[in-house]
Amino acid sequence: GLRYLTILDKAAKLVEQSTGEKLDLENLPLNDPATYELLCQAETHGLFQLESDGMRELLRNLKPDCFEDIIAVLALYRPGPIGSGMHHLYCDRKHGREKVEYLHPSLEGLLHDTNGVILYQEQVMRIANQMAGFSMNDADNLRKAMGKKKIELMEQFKGQFVTGAKEKNQVPEKISKAIFEQIEQFAKYGFNKSHSTAYALISYQCAYLKANHPEAFLAAVMSCYISTVDKMVTYLEECKEMDIEVNPPHVNFSKSNFSLKEKEIVYGLVAIKGVGEKVIQQILAERDRKGPYKSIYDLTTRVKPELINKKVLESLINGGAFDDLGQSRSTMIAAIGDALEEGRRIHAEREAGQLSLFGDGSEPVAEENWPQVPEWPDGEKLAREKSALGFYLSGHPLERKEEELLPVRSHLIRELDEKHHKQPVTLAVMVSHIKSLQTRKGDPMAVVTIEDRSGSMEAVYFPKAYLEYRDDLAVDEILVIQGTAEIVKEEEGIRGERKVIVNRAYSLSAAASNLASQIGIAFPSDVNEKMLFETRDLMNRFPGKIPVTLIFDHLDEHAWRLPVGNQQMVSGESEFLDELRSLLGESSVRLQIARPKERA
């Protein structure tokens, strides 16, 4: 929890710096509507104890509307209650799908807040104390005996419970035995409510900040997870979904850590690999002293030469820290040598002028030399950005292929959770790392790191799949992978590992012809006879085995779908699809992908 105490502190300070509002985290209103709306929608990425996929599903089902519900959800989302179905019982009773019943009227006052469910250890102790006359010491011993499953001791307590309930509250033996059996069933899962309450307060504080000050909260979260690539990708995607602008690190706007500029998040310079804390502090001090930097030459002449070298400048440039200062990144990279040399010269002249008795006191000026070099292609620019930041910030290479990838994949990586365990999936991904291995028998295989715009995971090529599909395996290659998802079960809110066991894998250009079971051709609203004839001719030029359906969405409130039939099936090769998109528009191709085949 210490990380989240830091996040809360950073977020509160960012709110005060940007708005002037001083938040009292210890006295936030516990009935804030925006906070509960966020929790009901399970928009909980970044929230303490609440961001795992399983927890988000529970929140959507529970729909918390009071602080007691948050305490309960933290106690419910554990292996015991989930394994017994207690979480479903709690939610069904809360929303009236199941009637709340009590075995004895005296239980209502003790279990009303948890919908008649024994959820907390303290409830077990109070039932034993108030119903059966147990001392608090005996009640605590009962709780311990249940947790440790001491059968003989439990039998002793059962007799004491039944006798005490009859003597103190005239509870019939049949009912007291049933109550004790219910206690036995639930108490082994019972959570310490005081512990859950303390956690729930931190969870609520996080949720309140995200609901009411999302920019400050997410900036604080990313400050504390800057070295965790998967988390950063998740939080950047969250910013995008919440329409929060995230600006790359910049020598003229960034602070050391994440900060806010109006309603936008500004990356901290600390995010850039290879740029040390001493360099950052010097850059910021110089900026505060003499104002914004005009170029890399300006920076090398102002920051001490012993702190600035080629690697530091490359990292700053590739990370976007000098964007919008008049030169392209490729030009600045080409000018690094001259900029460093000019920096050393200016510093030497400045030092000599200070030592000279006859110096005129004028400031030496750098001569800026900008080589004429072409700008990098988008792919190289993004690759260099990833090398500097650890991930893609200004865009992802796959975003430019979204129209092609959308109809091919079944899921984004981020969407895979426990319910997909052992299920077939189709992923459209880019290869970022390949680790070649051998089985115990000496057969070649590979564990491949794959990524899409939502995150990354491992794809395991066992020998049979590796031998069949290894020709397309290359770093930065875009692949369509079909296989079986394996999701390691989450425990105590910690996300399990995700991987896919590869059954089939094709390059994007070959995916449609190998995986499509049907191709839909969607015509634009301005379709005319010429388009229809050109589409027919195009289909004739690319005969194959994939059936086609013509789609006219605009002709009626219900789309017209006309199967062409077996006489004019087509191939799914990329040239055919590219020409089709060129003729009818980027969204004209709608692929139906065959269900992934399990590999023995």
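Above this text is the structure in question.
Residues numbered from 1 in each chain as written. Predicted model: local features only at pLDDT ≥ 70, side-chain atom pairs only at ≥ 80, totals over all residues. Heavy atoms only, no water.

(A) Local environment of the sheet that holds strand E6 (residues 455-461). Taken in spatial order, the 5 strands of this closed barrel run E4-E5-E6-E8-E7, and their pairing is mixed. Strand-to-strand, the axes of this sheet are offset by a mean angle of 50 degrees, without reference to chain direction. Both strand E4 (residues 424-438) and strand E7 (residues 478-487) contribute to a ladder of 7 bridges, which runs antiparallel. Pairing of Leu427 across the sheet is with Ile481, part of E7. Against the sheet, helix H23 (residues 508-515) contacts E7 and strand E8 (498-507), and its axis sits at roughly 85 degrees relative to E8. (Pairing = 2+ DSSP bridges. Helix = DSSP H or I, 4+ residues; strand = E, 2+ residues; numbered from the N terminus. Axes fitted to C-alpha atoms, helices over the stretch in contact; angles between N-to-C directions. Contact = heavy atoms within 4.5 Å.)

(B) Representation of the sheet that holds strand E13 (residues 589-593) in the model. One open sheet accounts for 4 strands, arranged E12-E11-E9-E13; its pairing is mixed. Each of the sheet's edge strands pairs with one partner strand only, and the pair in question is strand E12 (560-563) and E13. Along the sheet, successive strands turn relative to each other by an average axial angle of 25 degrees, direction set aside. The sheet contact formed by strand E9 (residues 516-522) and strand E11 (residues 548-552) spans 4 bridges and is parallel. Looking at E11, one finds that Ile521 is bridged to Leu550. Along the sheet face, helix H25 (residues 574-584) touches E9 and E13 and points at about 20 degrees away from the line of E9.

(C) Region of the structure containing unusual backbone geometry. Even without being glycine, Lys63 reaches a positive phi, approximately 50 degrees. Phi is positive for Asp476, close to 75 degrees, though the residue is something other than glycine. As for its position among the elements, Asp476 is in the loop between helix H22 (463-469) and E7.

(D) Focus on the side chain of Thr549. Along the polypeptide, Thr549 turns up in strand E11. Apart from the residues lying within four places of it in its own chain, the contact partners of Thr549 are Gln518, Ile519, Gly520, Ile521, Arg561, Leu562 and Pro563.

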